[in-house]
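Single-letter residue listing:
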There are 2 protein chains.
Amino acid sequence: MVRGNTEVTPKDGLTTRQRRNQPLVVVNHGGGKGKSTAAFGLALRGWNQGWDIGVFQFVKSAKWRVGEQTALEALGRLHAETGEGGPVEWHKMGSGWSWSRKQGSEDDHAADAREGWTEIKRRLADERHTLYVLDEFSYVLKWGWVDTAEVVDTLRDRPGYQHVVITGRDPHPDLLAIADLSTEMVKTAHPFDKGQKGQRGIEW
Amino acid sequence: MVRGNTEVTPKDGLTTRQRRNQPLVVVNHGGGKGKSTAAFGLALRGWNQGWDIGVFQFVKSAKWRVGEQTALEALGRLHAETGEGGPVEWHKMGSGWSWSRKQGSEDDHAADAREGWTEIKRRLADERHTLYVLDEFSYVLKWGWVDTAEVVDTLRDRPGYQHVVITGRDPHPDLLAIADLSTEMVKTAHPFDKGQKGQRGIEW
């Protein structure tokens, strides 16, 4: 919660306002909790600014529905009804993306992931959203489903004012290298260690 | 996003359901970003479960209003109107707490912090909320405004099903010791390093 304390005064010829309003690439990584939760918390914050929020979950189970989806979609409806906050779109890979007519292949997660990235690339070019959450996208790069160099180039060269938040373990070094803000979540204690299973409201 | 993978099977005589539904003490600490953001993200998740959410911000500026407050309060209103999700209360120390008639002293943050903790203790005894977020509470212990042993005892002996999330740097070791789940947020890259100031939607 530091506000306005800078360690270095940059010589980039930008005004404070210009510098303040730079679009960021944010990476939440590490083996601890809070990577996705903090990303969805940023979406909450962005909603309040009236930003157009696009969440893209690169998860395999279509049945999985986290509480944040329901809550953020409720805020999106509130925006549609009252104008408060901003619009929210939430897309999940599952077996096939919601924008796609074709049923995604149950087996071919690589193809589904590529389709997701292609759509995100299109939206970045169109400046469709202000904040993109690419949840668990690091794995898509790790497993080679999408070319890392292409992702890095696309993010680095994206037009306009678009923030992109990427979550997941083991982010590719080239991705970390272009991150303006990256945080490693490190587990210091976790109930799973004591044999406790994940619970409603805490884990999803 | 691990669901149900445990490393140890505990011999505590509890069923999986009992174990699953254990109330947790969660501590988000470290010098990186995402401590509060992840805590508010958990509140979002809890809201979706219909939990009663109480947020207590131990911050000094009354003028400070993070986006999450507006968004979570909007969700609280939605609950009041439609029954969806759960109720949300958001209290901020500022200069005096909102429940208090007396104007808090501009100077005596210690007294304000103690008053906040006394109220939280009362609510824990009454089982008022399901999820408590004590934002930046670690500093209250660090600066000796509230007795750490008393906090540890109160949290450990709290009745019923009440989750408590505490954020802030340098948590007291005794607090960490009773945490069921603790995560250290470690900065790996941050725009402040490049001389960029905090920006709307990202920092607040």
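Residues numbered from 1 in each chain as written. Chains lettered and ligands numbered in written order. Predicted model: local features only at pLDDT ≥ 70, side-chain atom pairs only at ≥ 80, totals over all residues. Heavy atoms only, no water.

**Some details on the sheet that holds strand β4 (residues 131-135) of chain B**
In step 1: Read from one edge to the other, the open sheet built from 12 strands follows the order β3(A)-β2(A)-β4(A)-β5(A)-β1(A)-β6(A)-β6(B)-β1(B)-β5(B)-β4(B)-β2(B)-β3(B), with strand pairing classed as mixed. Whereas interior strands pair on both sides, the edge strands pair on one side only; in this sheet they are β3 (88-92) of chain A together with β3 (88-92) of chain B. On average, each strand axis in the sheet is tilted by 15° relative to the strand beside it, whichever way the strands run.
In step 2: The strands touched by helix α4 (residues 109-126) of chain B within the sheet are β2 (53-57), β3, β4 and β5 (163-167) of chain B, with β4 of chain B carrying the most contacts at an inclination of about 165°. (Pairing = 2+ DSSP bridges. Helix = DSSP H or I, 4+ residues; strand = E, 2+ residues; numbered from the N terminus. Axes fitted to C-alpha atoms, helices over the stretch in contact; angles between N-to-C directions. Contact = heavy atoms within 4.5 Å.)

**Some details on the packing of helix α3 (residues 67-82) of chain A against helix α3 (residues 67-82) of chain B**
In step 1: At a minimum axis distance of 10 Å, the contact between α3 of chain A and α3 of chain B shows a crossing angle of 80°. Taken as axis vectors, α3 of chain A and α3 of chain B run roughly perpendicular relative to one another. Contact with α3 of chain A, carried on its side by Ala-71, Ala-74, Leu-75 and Leu-78 of chain A, involves Ala-71, Ala-74, Leu-75 and Leu-78 of chain B of α3 of chain B and no other residues of that element.
In step 2: Classifying every residue of the contact of α3 of chain A with α3 of chain B gives 8 nonpolar, no polar and no charged. (Parallel < 35°, antiparallel > 145°, perpendicular 65-115°, else oblique. Nonpolar A, V, L, I, M, F, W, Y, C, P; charged D, E, K, R; others polar.)

**Focus on helix α2 (residues 35-48) of chain B**
In step 1: Taking 1.5 Å of rise per residue, the 14 residues of α2 of chain B would be expected to cover 20 Å, and the 21 Å separating its terminal C-alpha atoms lies within 8% of that figure.
In step 2: Trailing α2 of chain B by a residue or two, Gly-50 of chain B shows a phi angle of about 80°, which is positive. (Expected span 1.5 Å × (residues − 1).)

**Some remarks on unusual backbone geometry**
Both trends apply: most residues other than glycine have a negative phi, and most peptide bonds are in trans.
All names here are of chain B.
In step 1: At Glu-127, a residue that is not glycine, the phi angle is positive and equals roughly 50°.
In step 2: Relative to the helices and strands, Glu-127 is located in the loop between α4 and β4.
In step 3: Phi is positive for Glu-136, close to 65°, though the residue is something other than glycine.
In step 4: Mapped onto the secondary structure, Glu-136 falls in the loop between β4 and α5 (137-142).
In step 5: Note on Glu-136: relative accessible area 15%, which makes it buried. (Buried < 20%, exposed > 50% of the residue type's maximum accessible area, 1.4 Å probe, protein only.)

**Overview of the nonpolar core**
Proteins that are soluble and globular tend to have nonpolar side chains buried together.
In step 1: The biggest cluster of nonpolar side chains holds 50 residues, and the ones touching the most others in it are Leu-72 and Leu-75 of chain A together with Leu-72 and Leu-75 of chain B.
In step 2: Those residues within four positions of Leu-72 of chain A in sequence are excluded, and the remaining contacts are Phe-40, Ala-43, Leu-44, Val-88 and Trp-90 of chain A together with Leu-44 of chain B. (Core = buried A, V, L, I, M, F, W, Y, C linked by side-chain atoms within 4.5 Å.)

**Describing the packing of helix α4 (residues 109-126) of chain A against helix α6 (residues 148-156) of chain A**
Residue and element names in this part refer to chain A.
In step 1: For the pair α4 and α6, interaxial distance at closest approach is 10 Å and the crossing angle is 20°. When the interaxial angle is binned, α4 and α6 end up roughly parallel. Note that α4 runs across α6; the crossing there is left-handed. For the pair α4 and α6, contact is made by Trp-117, Lys-121 and Leu-124 and by Glu-150, Val-151, Thr-154 and Leu-155, respectively.
In step 2: Residues of the contact of α4 with α6, tallied by class, amount to 4 nonpolar, 1 polar and 2 charged. (Left-handed = near helix turned anticlockwise from the far one by under 90°.)

**As for the pattern of salt bridges**
Residue and element names in this part refer to chain A.
In step 1: Tallying each qualifying case throughout the model produces 18 salt bridges over all chains.
In step 2: A salt bridge links Asp-170 to Lys-142; its shortest N-O distance comes to 2.7 Å. Of the two residues, Asp-170 is situated in the loop between β5 (163-167) and α7 (173-178) and Lys-142 in helix α5 (residues 137-142); the sequence distance between them amounts to 28 residues.
In step 3: Under the relative-accessibility criterion, Lys-142 is labelled partly exposed at 47%.
In step 4: One continuous salt-bridge network, built from bridges that share partners, spans Glu-89, Glu-119, Arg-122, Arg-123 and Arg-128. (Salt bridge = Lys/Arg side-chain N within 4 Å of Asp/Glu carboxyl O.)

**A closer look at the pairing of β4 of chain B**
Residues and elements named next belong to chain B.
In step 1: Of all 5 residues that make up β4, 5 are buried, and the element is covered over most of its length.
In step 2: Residues of β4 alternate between two faces, with Leu-131, Val-133 and Asp-135 on one and Tyr-132 and Leu-134 on the opposite face, all of them buried.
In step 3: Two strands pair when backbone bridges link them, and β2 and β4 are joined in this way by 5 bridges, in the parallel orientation. Along β4, the bridge assignment pairs Gln-57 with Asp-135.

**Digging into the environment of Ala-110 of chain A**
All names here are of chain A.
In step 1: Structurally, the position occupied by Ala-110 is in helix α4.
In step 2: Residue Ala-110 is classed as buried on the basis of its relative accessible area of 14%.
In step 3: For the pair Ala-110 and Trp-145, spaced 35 residues apart in sequence, the C-alpha separation works out to 5.1 Å.

Everything listed here is a matter of geometry and, on its own, says nothing about what the molecule does.
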